[in-house]
Amino acid sequence: MRPYANEGYRRLFDDEFSVGLFFPITTASDPIPSFEDLEQQVELASAASDLGFDALWFRDVPLYWPRFNDAGQVYDPWVFLTHVAANTDDVALVTGSIILPLRHPLHVAKAAASVDRLSGGRLVLGVATGDRPPEFPAFDIDEDARGELFREHVDVVRTLWSEDYPELDSSFGTLDGSLDLVPKPTTETLPLLVTGRARQSLEWIADHGDGWVYYQHTLEDLEDQLATWRELVRETGSENTKPYVQVLHVDLKEDPSAEPEPIHQGYAAGSEWFREHVRGLRDAGVDHVMINIRQTDDDRDPRGVLEEFSDEVLAEL
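Residues numbered from 1 in each chain as written. Predicted model: local features only at pLDDT ≥ 70, side-chain atom pairs only at ≥ 80, totals over all residues. Heavy atoms only, no water.

Colleague: Where do I start with the overall build of the chain in this structure?
Modeller: Broken down by element type, the chain carries 11 helices and 12 strands. Here the C-alpha atoms of the chain give a radius of gyration of 19 Å, agreeing with the 20 Å that 2.2 N^0.38 yields for 317 residues. Once the C-alpha set of the chain is aligned to its principal axes, its extents read approximately 65 × 45 × 40 Å. Within the chain, buried positions represent 55% of all 317 residues. Taken as a whole, the chain presents about 14100 Å² of accessible surface, with 45% of it coming from carbon and sulfur. Taken together, the 26 basic and 61 acidic charged side chains of the chain have centroids lying 3 Å from each other. (Helix = DSSP H or I, 4+ residues; strand = E, 2+ residues; numbered from the N terminus. Rg over C-alpha atoms; globule rule 2.2 N^0.38 Å. Buried < 20%, exposed > 50% of the residue type's maximum accessible area, 1.4 Å probe, protein only. Areas by Shrake-Rupley, 256 points an atom, 1.4 Å probe, with all protein chains shown as cover. Lys, Arg positive; Asp, Glu negative; His and termini not counted. Charge placed at Lys NZ, Arg CZ, Asp CG, Glu CD.)

Right, dumping it as structure tokens:
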């Protein structure tokens, strides 16, 4: 068994295909969800699990930048993860993604292991380097150093989780073997899904990550990318395949036969087209699709959209 295959990772990847849902779960188009929308999130998360979604994805957006036009789920990911974990049972909890260069690895390792323990091993850690330039000077981080910081951060958290009283000397600080991180996660190390390229070579991601998260592609381009990914994983000597995850923004139209129109990282279309598209992703070899509801019609009820997507798309797959 993989040393990192905790309950959340198995929920995502033990079957041939799974589908998750991004927070915030809202049909409103505002970049900052209203507190009325945010109050409904736990109820919608529970409903999503009942409807067949295998995972709930949590954003890490430290500071709101209007130019980026997206504040994520607003709440701090660790606080919100704990809240949702306490109000759900078996759905996987996935970060999409923790911005490693902006956080200290001791804090990340402690918070992630704590959530993993409190949730019964349901946490899968998506990680990234960040893509909002004003955040780096706000945290006094050299933006050009984020690739190196990312690699170092991964090494540090892996060591903190897997070793007792480790000795470490990194740009983040020094441990001399007299201190230990507790709690440890439920498995030898938490599974890490690298998002995008994270300023790394794809060879590095295949070797050091436990899966790869990438953005929306045409099916033709996807097949080439998947073939490259699978080959690089084989070249690392891994005895196991490593999963491929794709983001899909969904604007679900009320007309089930509506033809697709491209939107950022996804499509606006009817359920009939989405059913065929998601089937195509599955058949091409995508292991997990994370759905981000992005409606242009603010009047649509988010629970109704989830139910329609479940009944008309997921149930067929």
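Colleague: Hey, could you run me through a negative patch on the surface in this one?
Modeller: Negative charge collects at one region of the surface, where E220, D221, E223 and D224 lie side by side. Inspection of the secondary structure puts E220 in helix 9 (residues 219-235). Residue classification places E220 among the exposed positions, given a relative accessible area of 57%. (Patch = residues over 30% accessible without salt bridge, like charges linked within 9 Å, V, L, I, M, F, W, Y side chains within 5 Å. Salt bridge = Lys/Arg side-chain N within 4 Å of Asp/Glu carboxyl O.)

Colleague: Explain the pairing of strand 7 (residues 192-195) here, please?
Modeller: Two faces make up the sheet, and in a regular strand the side chains alternate between them. Burial along strand 7 is two-sided: the face carrying L192 and V194 and the face carrying L193 and T195 are both buried. Where strand 4 (residues 123-128) meets strand 7, three bridges bridge the pair, whose relative direction is parallel. When the bridges of strand 7 are listed, L125 appears paired with L192. Examined bridge by bridge, strand 7 and strand 8 (residues 212-214) share two bridges and lie parallel to one another. Across the sheet, residue V194 finds its bridge partner in strand 8, namely W212. Remark: the strand 7/helix 8 (residues 202-208)/strand 8 crossover connection has right-handed handedness. (Pairing = 2+ DSSP bridges. Right-handed = clockwise from strand over helix to strand, strands pointing away.)

Colleague: Would you take a moment to explain the environment of R303 for this structure?
Modeller: Within the element layout of this structure, R303 appears in helix 11 (residues 302-312). Sequence separation between R303 and R197 is 106 residues; the distance between their C-alpha atoms is 33 Å. Aside from chain neighbours lying at most four places away, what touches R303 is E43, L44 and A47. (Contact = heavy atoms within 4.5 Å.)

Colleague: Is there a simple way to explain helix 4 (residues 77-86) in this structure?
Modeller: An α-helical turn contains 3.6 residues, so any two residues separated by three or four positions project in the same direction. Turning to helix 4, its buried residues are P77, W78, F80, L81, V84 and A85. One side of helix 4 carries all its buried residues, which in axial view fall inside an arc of 165°. Away from its buried face by more than 90 degrees, helix 4 exposes V79 and A86. Those residues of helix 4 that are buried lie in contact with helix 3 (41-50), strand 2 (55-58), strand 3 (92-99), helix 5 (105-118) and strand 4. (Arc of directions from axis to C-beta.)

Colleague: Please clarify how empty space enclosed by the protein should be interpreted in this entry.
Modeller: Gaps left between atoms are located by rolling a probe of water-molecule size over the structure's atoms. The full count for this structure, using the stated rule, is two cavities of 30 Å³ or more. Considering only enclosed or pocket space, the largest cavity measures out at about 50 Å³ in volume. What lines the largest cavity is P24, T26, A28, D30, P31, P33, D70, A71, G72 and R294. Of the residues assigned to the lining of the largest cavity, the class counts are five nonpolar, two polar and three charged. As for the second largest cavity, its lining consists of F53, V250, L252, I291, I293, V305, L306 and F309. Of all the secondary structure elements, the ones that give two or more residues to the lining of the second largest cavity are strand 9 (244-252), strand 12 (288-293) and helix 11. Sorting elements by how many residues they give to the lining of the second largest cavity places helix 11 first, with three residues. Per-class residue counts for the lining of the second largest cavity are eight nonpolar, no polar and no charged. (1 Å grid on protein atoms, 1.4 Å probe; cavity = no way out; pocket = protein on both sides within 12 Å on 5 of 7 lines; lining within 4 Å. Points joined across faces, edges and corners; volume = space filled by probe spheres on them. Nonpolar A, V, L, I, M, F, W, Y, C, P; charged D, E, K, R; others polar.)

Colleague: Can you help me understand the nonpolar core in this one?
Modeller: In terms of nonpolar packing, the biggest core is built from 75 residues, with L56, W78, L125, W161 and F309 touching the most fellow members. The leading source of residues in this core is helix 7 (residues 146-162), at seven residues. In contact with W161, other than residues within four places in its own chain, are A109, A112, A113, L125, L181, K184, P185, E188, T189, L190 and L192. In terms of nonpolar packing, the next biggest core, distinct from the first, is built from 16 residues, L12, F22, V94 and V213 among them. (Core = buried A, V, L, I, M, F, W, Y, C linked by side-chain atoms within 4.5 Å.)

Colleague: Help me out: how do you make sense of the pattern of salt bridges in this one?
Modeller: Opposite charge on two side chains makes pairing possible when the charged atoms of those side chains draw close. Across all of its chains, the model carries 17 salt bridges by this definition. Taking the shortest distance from any N to any O, the salt bridge between D60 and R103 comes out at 2.9 Å. With D60 in the loop between strand 2 and helix 4 and R103 in the loop between strand 3 and helix 5, the pair connects residues that are 43 residues apart, well separated along the chain. For E231, the salt bridge identified is with R234, shortest N-O distance 2.7 Å. Of the two residues, E231 and R234 both sit in helix 9, three residues apart, roughly one turn of that helix.

Colleague: What's the story with the side chain of N6 in this structure? I'm lost.
Modeller: Residue placement: N6 occurs in the segment before helix 1 (7-13). Polar contacts involving the side chain of N6 include one to the side chain of D116, which spans 3.1 Å. A distance of 3.2 Å separates the side chain of N6 from the backbone oxygen of G121, its partner in a polar contact. Dropping the residues within four chain positions of it, N6 is found in contact with D116, G121, L123, V124, T186, T187, L190 and P191. (Polar contact = N/O pair within 3.5 Å; in protein donor to acceptor, adjacent residues only side chain to side chain.)

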